[in-house]
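Now for the letters of each chain:
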Amino acid sequence: MVQTIKQAMQARPVSRSYVPCMVGRQLRCDRRKQPMADTSKINSQGVERLGYLGLGLMGTPMTHRLLKAGYQVTVWNRSENKVAPLAEAGARRAATPCDVMTGSDIVFMCVTDAAAVEEVIFGARGLAAAPGAGKLVVDFSSIHPDAARDLARRLKEANGAGWIDAPVSGGSKGAEEGTLAIMAGGEAADIERVRPYVLAMARRFTHMGPTGAGQTTKLCNQVIVGCAMAVLAEATRLAVNSGIDANRLPEALAGGFADSIPLQLFVPRMVQGIHSPPLGHIATMLKDLDTVADVAQTTSTPVPMASLAGQLFRLAKAARGADADALEIYKLSSAEH
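A quick note: this is a predicted structure, and the numbers were derived from the prediction, not measured.

### With respect to helix α7 (residues 145-159)
One full turn of an α-helix is made of 3.6 residues, so residues set three or four places apart face in the same direction.
Moving on, step 1. Its 15 residues give α7 an end-to-end C-alpha distance of 21 Å, which sits within 8% of 21 Å, the value for a rise of 1.5 Å per residue.
Moving on, step 2. Taken residue by residue, α7 has P145, A147, A148, L151, A152, L155 and N159 as its buried positions. All buried residues of α7 project into a common sector of 150° when viewed along the axis, lining one side.
Moving on, step 3. If you follow the buried residues of α7, they end up packed against α5 (97-102), α6 (114-122), β9 (136-139), β10 (162-165), α10 (213-241) and α13 (282-298).

### A few points about the nonpolar core
Moving on, step 1. Within the largest apolar cluster, 34 residues are counted, with the highest numbers of intra-cluster contacts made by Y52, M62, L66, F108, F140 and I182.
Moving on, step 2. Breaking this core down by element, the ones donating at least two residues are β5 (50-53), α3 (59-68), β6 (73-76), β8 (106-109), β9, β12 (180-185), α9 (188-198) and β13 (202-209).
Moving on, step 3. Counting residues per element, this core draws most heavily on α9, at 4 residues.
Moving on, step 4. Other than its neighbours up to four places away in sequence, I182 contacts M62, F140, A166, P167, V168, V198, A202, R204, F205 and T206.

### Some remarks on the confidence of the model for the protein
Moving on, step 1. On average, residues of the protein score 89 in pLDDT, and 86% of them reach the 70 mark or higher.
Moving on, step 2. Ignoring residues within four places in sequence, the model shows residues 1-45, a span with pLDDT below 50, making 38 contacts including any to other chains.

### Quick word on the side chain of S169
Moving on, step 1. Secondary-structure assignment places S169 in strand β11 (residues 168-169).
Moving on, step 2. Under the relative-accessibility criterion, S169 is labelled buried at 17%.
Moving on, step 3. Reaching out from S169, the side chain makes a polar contact with the side chain of N221 at a distance of 3.1 Å.
Moving on, step 4. Discounting chain neighbours no more than four positions away, the residues touching S169 are L180, A181, M183 and N221.

### A word on the pattern of salt bridges
Moving on, step 1. The full count for this structure, using the stated rule, is 16 salt bridges.
Moving on, step 2. Residue R193 pairs with E48 through a salt bridge whose shortest N-O separation is 2.9 Å. Of this pair, R193 sits in helix α9 while E48 sits in the loop between β4 (46-47) and β5; the two residues are 145 residues apart in sequence, bridging distant segments of the chain.
Moving on, step 3. Since its relative accessible area comes to 2%, E48 is described here as buried.

### Let's talk about the environment of R149
Moving on, step 1. Of note, R149 is situated in helix α7.
Moving on, step 2. Its relative accessible area of 37% is what places R149 among the partly exposed residues.
Moving on, step 3. Sequence separation between R149 and D165 is 16 residues; the distance between their C-alpha atoms is 8.7 Å.

### Here's the deal with the environment of G209
Moving on, step 1. Within the secondary structure layout, G209 lies in strand β13.
Moving on, step 2. If near-sequence neighbours (up to four positions away) are discounted, G209 is found in contact with A184, G185 and G186.

Rules and cut-offs
- Residues numbered from 1 in each chain as written.
- Predicted model: local features only at pLDDT ≥ 70, side-chain atom pairs only at ≥ 80, totals over all residues.
- Heavy atoms only, no water.
- Helix = DSSP H or I, 4+ residues; strand = E, 2+ residues; numbered from the N terminus.
- Expected span 1.5 Å × (residues − 1).
- Buried < 20%, exposed > 50% of the residue type's maximum accessible area, 1.4 Å probe, protein only.
- Arc of directions from axis to C-beta.
- Contact = heavy atoms within 4.5 Å.
- Core = buried A, V, L, I, M, F, W, Y, C linked by side-chain atoms within 4.5 Å.
- pLDDT = per-residue confidence, 0-100.
- Polar contact = N/O pair within 3.5 Å; in protein donor to acceptor, adjacent residues only side chain to side chain.
- Salt bridge = Lys/Arg side-chain N within 4 Å of Asp/Glu carboxyl O.

The following block contains the structure:
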């Protein structure tokens, strides 16, 4: 037995990830020889291969963070020009979403809306066309909770893949810096399986309940953020029209009850007209606030402030355009808007 093992070891080099050794008379894998980064990529199925679909404001920086963490990532995007920079950074190209699913164990995606998610999954050469048993799809998009539950059920029936709805908060800045807050719905075991990879892209990853719970939590987030944008735009305009240096509002209010991350981040950008890159698009915020209104009606929940914010963003969309930075809501109160 010992002689046979010695002969096998001499016949081929031993990799760093698997080091045979003898403990008593048994052969075992010495995990202490593995780098820490590698052990974080191992689960009961072996090394996890990652995929990412949708390389927009959020998807591109999030994928960069996965690559910098040393993970193998296969990417796809409708427009090829967004794929090239990530390919140069080490990502693998895929021709279709189906190819991403085929070559991945966990597939992340962040696309515009439920219609885009539907197309990526069930369109021609979509995720559902590839075998999915034992694989997971993690959707970072913000969509209706009912849509998330329906998509999860249909995908499971189509190819056996699991689903986590995991919308994100923190904007493009949070995506670049890895400080996103991500709220998730799905099975607890699936959440823990993807946690090491998600935390390469985010600061916080919270399991909120079954499928759809992540999307519902994101709606709560958007009620707060959407209303904050509208209120901060009012306060900033009041300061400017009254002759106060609005740039100093964050400093003056720091530590008081009005202090917040939105105050510190949004007000300087509003005053100074910093809108590129956008923290988020007007159309995206409006979509989410419209979803809030729909869920609120279904659940008999009064949302007067969120409803007003939604109408203000509808005005902003008409005045500034769907793809404008959401913080341009501040310009609605300007004579030049």
